[in-house]
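Fold and contact review
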Amino acid sequence: MGLFENPYVSGAKAERVVGSAKSAAVGMDAQRASQVLLQNRTDKAGRATLPMKAGATVYVLGNIKAESVAQYGYKVIDGNASPRPSAKGADYVLVNMSATTNPEATTSPAWPSRRAGR
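Fair warning: this is a prediction, and the values are worked out from it, not measured in the lab. Chains are numbered independently. Their residues run from 1 in the order of the written sequence. Two thresholds apply to this predicted model, a pLDDT of at least 70 for residue-level local features and 80 or more for giving and counting side-chain atom pairs, whereas whole-chain, interface and lining totals are computed over all residues. To obtain the side-chain values, all non-hydrogen atoms of the structure were used and water was disregarded.

1. As for the overall build of the protein
- Counting from the N terminus, the helices are DSSP H or I runs at least four residues long and the strands are E runs at least two residues long. Helix and strand content of the protein: four helices and three strands.
- Of the regular secondary structure in the protein, the N- to C-terminal order runs α-α-β-α-β-β-α.
- Burial here depends on accessible area, computed with a 1.4 Å probe over protein chains only, as a share of the maximum for the residue type. Under 20% is buried, over 50% is exposed, and the range in between is partly exposed. Counting over 118 residues, the protein shows a buried share of 13%.
- A sequence separation of at least 24 residues applies to 45% of the contacts in the protein between residues at least 6 apart.
- Per-residue and other accessible areas were derived by the Shrake-Rupley procedure at a 1.4 Å probe size, with only the shown protein chains allowed to occlude residues. If you sum the accessible surface of the protein, you get close to 9600 Å²; carbon and sulfur atoms cover 57% of it. What makes two residues a contact is simply this: any of their non-hydrogen atoms within 4.5 Å.

Set out below in structure tokens:
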């Protein structure tokens, strides 16, 4: 791959690639395809969070379509509705959060020293 033979990148090329629309689209696709289970705890009866029990009530919030979850036989509380319903009583809560571009992150005094070619 040449990673160790030539470990440095062109600063101009990095400027074109990092933060480009194409790179942002690839990143968004990765976010959409990723799910993170923070804790797969077991309850007092020894049951883990996953797999979710059939027919459970699932509260969804963010970029998750209620109908997509409902098609698997779950009762869905759509947290995206207005006014926003409570998640109280839900067996599970699915939240999808997206990262946003923070222009200040690239203009901080420390940022240029960390960028390739600078």
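Let us keep going from here.
2. Quick word on the nonpolar core
- Grouping buried Ala, Val, Leu, Ile, Met, Phe, Trp, Tyr and Cys residues that are joined through side-chain atoms within 4.5 Å yields what is termed a nonpolar core. Counting eight residues, the largest nonpolar core is built from A56, V58, V60, I64, A66, V69, Y74 and Y92.
- Every element with two or more residues in this core is listed here: β1 (57–62) and α3 (66–70).
- The residues contacting A56, other than those within four sequence positions of it, are Y74, K75, D91 and Y92.

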